[in-house]
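A closer look at the structure
Each chain, written out:
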Amino acid sequence: MALIVLALCAGNLWFTLARSTIPFELNGKVESVDVLTEKHPGLDDVYLVRIGDREIQVDEAVARSLRVGDHIRKDSWTWEILNLSDVGTSIRLTPSKDFWGMGRTMPVVLIAASLVLFTGRKRRTDRAEIIG
Amino acid sequence: MMHKRVGLNLLLAILATGLAYLLFLGHRTDYLGHYLAGLGATLGLLALFLLVTGRELGWNALAITLVAIGLGFITESSIFRLALFDPVDFCNQSLGACVACSCMLGTRRDRRLIVLAGGLSPILVIVGFLFAFA
């Protein structure tokens, strides 16, 4: 169970970081930038960007910095998108508020789950000793 | 006495993790909503299992939790897929399911524990729904 919790916590951190595009290599023309609304328009909107034939979900800051028609280039694990259509300009990337929030919340969830697992295990061990 | 210790662990875990979501991810209350809904729904399933079978929660609890996570995947892919499948929502509701399982592991049929878990379950699901959609 602890491993599943760890994997889910890591998943949350990965998916929120991925939306910044920092981990990815990007190379191509921005074909489209779309906004899809969810439960709270303006707060949890989904931003989809198509670069070449690849569509990815990105943070609002990234989506608003990209223009349809621009040619962009970025190496993986770098913090800057180069705009080849406007030489000399680039987009500086930062992880979102969601990522930083997850960075603080996930350790709490992991610790809480680990503590209750440990106390539960101790409870079963104590019971086994009493019965034994 | 088991129900008191387990109940306390359960309430403390919900409080600590819920507060963390509110403090650090308060701008996205839907994350807390999914977490609480997953926790509540799984708690209900585990309480129901205890009530019906009377068996101790061990590997069966893990199986029930995986079923709950699977059901969460189906709902996130269908009725709650407003824009697209959100893996973060899925992770949060699955984490809730895992926390519920972690709290209940090792418990046996105990009337007061079943009442506590069974009573908390719909409250958490409703509160989760409100955080997610309100």
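This text goes with the structure placed above it.
Residues numbered from 1 in each chain as written. Chains lettered and ligands numbered in written order. Predicted model: local features only at pLDDT ≥ 70, side-chain atom pairs only at ≥ 80, totals over all residues. Heavy atoms only, no water.

1. A short note on the overall build of chain A
Quick note on the threshold: Numbering goes from the N terminus for both helices and strands, where a helix is a DSSP run of H or I of at least four residues and a strand is a run of E of at least two. Radius of gyration means the value over C-alpha atoms here, while the globule rule gives 2.2 Å times the residue count to the 0.38 power. Relative accessibility decides the category of a residue: with a 1.4 Å probe and only protein chains considered, values under 20% of the type maximum give buried, values over 50% give exposed, and everything between is partly exposed.
The number of helices and strands found in chain A is three helices and six strands. Counting from the amino terminus, helix and strand elements in chain A follow one another as α-β-β-β-α-β-β-β-α. Whereas a compact globule of 132 residues would reach a radius of gyration of roughly 14 Å, chain A reaches 21 Å, over 25% beyond that. Here chain A holds 132 residues, and 44% of them are scored as buried.

2. Topic: the overall build of chain B
Looking only at helices and strands, chain B features five helices and zero strands. Expected size for 134 residues packed as a compact globule is a radius of gyration near 14 Å; at 14 Å, chain B falls within 12% of this value. Projected onto the principal axes, the alpha-carbon positions of chain B cover approximately 45 × 30 × 20 Å. Counting every position in chain B, which comprises 134 residues, the buried fraction comes to 54%.

3. Looking at helix α3 (residues 59–77) of chain B
All names here are of chain B. The test is simple: By definition here, a helix of n residues has an expected span of 1.5 Å times n minus one. Note: the arc covers the axis-to-C-beta directions of the helix.
Here α3 spans 27 Å end to end across 19 residues, near enough to the 27 Å set by a 1.5 Å rise per residue. Looking only at α3, the buried set comprises A61, L62, I64, T65, A68, I69, G72 and E76. Projected down its long axis, α3 shows its buried positions confined to an angular sector of 160 degrees, all on one face. What points out from α3, more than 90 degrees from its buried face, is the exposed set W59 and I74.

4. Focus on the interface of chain A and chain B
Spelled out, the test is: Here a residue-residue contact requires only that any non-hydrogen atoms of the pair lie within 4.5 Å. Buried area: the accessible area, evaluated with a 1.4 Å probe, that two parts lose upon being put together, summed over both parts. Take a side-chain nitrogen of Lys or Arg and a carboxyl oxygen of Asp or Glu: if they are within 4 Å of each other, that pair is a salt bridge. Nitrogen and oxygen atoms within 3.5 Å of one another constitute a polar contact, given that in protein one can donate a hydrogen and the other can accept it, and given that sequence-neighbouring residues count only through two side-chain atoms.
Each partner contributes residues to the interface: chain A has 38 residues there, and chain B has 44 residues. Summed over both partners, the interface of chain A with chain B buries about 3500 Å², with 67% contributed by carbon and sulfur atoms. Counting across the chain A and chain B interface gives two salt bridges. A salt bridge links D86 of chain B to R19 of chain A, with the nearest nitrogen and oxygen atoms 2.9 Å apart. Taken together, chain A and chain B are joined by six residue pairs in polar contact (both at pLDDT 80 or more). Mapped onto the side of chain A that touches chain B, the elements with two or more residues apiece are α1 (2–18), β2 (46–51) and α3 (97–131) of chain A.

5. Observations concerning the state of the cysteines
Filter applied, for reference: For the purposes of this analysis, a disulfide is any pair of cysteine sulfur atoms at a distance within 2.5 Å.
Taken as a whole, this structure holds zero disulfides over all chains when the rule is applied. Distance from the sulfur of C9 of chain A, which forms no disulfide, to the nearest cysteine sulfur (C91 of chain B) is 8.8 Å. A relative accessible area of 4% places C91 of chain B in the buried class.

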